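Residue-level listing of the chains:
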Amino acid sequence: AVRSKSSSPAARTPKVQPVPSKYLRFLTLSECLHKYVVKEKLSNTDSVYCQRCKTYQTCSKQMLLEKLPPTLCFQLKRFCQDPINKRWFKVDSYISFPIDGLNLSSYMHHKKVENGNVPQLYDLGSVIIHK
């Protein structure tokens with residue numbers, strides 16, 4: 001065993017803390033995708049200057065899918081920062097996902113869906129879990 005030369009508690013605290021129980025839960029892939037595409041209101045420091053009305057305007061941003069690939073890969077976030085104490089911890093939530101028929105039309109840009117582009121349905125090919 002290797003011992004640290006410093007005996008202060010801060011030096012012995014690991015960088016990655018155990019997962020707080022409020023973050024340990026079961027999620028679906030749909031919930032994860034919804035969190036990814038939800039509209040986010042930007043802070044006042046991110047306001048945009050409007051040339052027409054000559055004032056700073058608050059704005060929002062939203063991520064949507066524009067085009068779907070033949071093969072789709074997801075990489076899920078493994079670490080998260082607690083907003084209160086600013087410590088990082090490993091996310092150990094269990095994610096359930098459909099074996100076949102994953103439809104991503106509700107996560108796509110609405111104009112692409114309305115123009116007759118039929119969204120692809122995805123079937124699960126494989127899962128890799130790093131521990």
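Before reading on, note that the structure itself is shown above.
Here's a quick rundown of the structure. (Residues numbered from 1 in each chain as written. Predicted model: local features only at pLDDT ≥ 70, side-chain atom pairs only at ≥ 80, totals over all residues. Heavy atoms only, no water.)

### So, a nonpolar patch on the surface
A surface patch of nonpolar side chains, amounting to about 470 Å² of accessible area, comprises Phe97, Ile99, Leu124, Val127 and Ile129. Within the secondary structure, Ile129 is located in the segment after strand E11 (121-122). (Patch = residues over 30% accessible without salt bridge, like charges linked within 9 Å, V, L, I, M, F, W, Y side chains within 5 Å. Areas by Shrake-Rupley, 256 points an atom, 1.4 Å probe, with all protein chains shown as cover. Salt bridge = Lys/Arg side-chain N within 4 Å of Asp/Glu carboxyl O. Helix = DSSP H or I, 4+ residues; strand = E, 2+ residues; numbered from the N terminus.)

### Examining the state of the cysteines
Applying the stated criterion to the full structure yields 0 disulfides. Not part of a disulfide, Cys53 finds its nearest cysteine sulfur in Cys50, a span of 3.3 Å. Under the relative-accessibility criterion, Cys53 is labelled partly exposed at 38%. (Disulfide = S-S within 2.5 Å. Buried < 20%, exposed > 50% of the residue type's maximum accessible area, 1.4 Å probe, protein only.)

### Brief notes about unusual backbone geometry
Residue Lys54 is not a glycine yet carries a positive backbone phi of 60 degrees. The backbone of Lys86 shows a phi angle near 65 degrees, a positive value even though the residue is not glycine. Inspection of the secondary structure puts Lys86 in the loop between strand E7 (79-81) and strand E8 (88-90).

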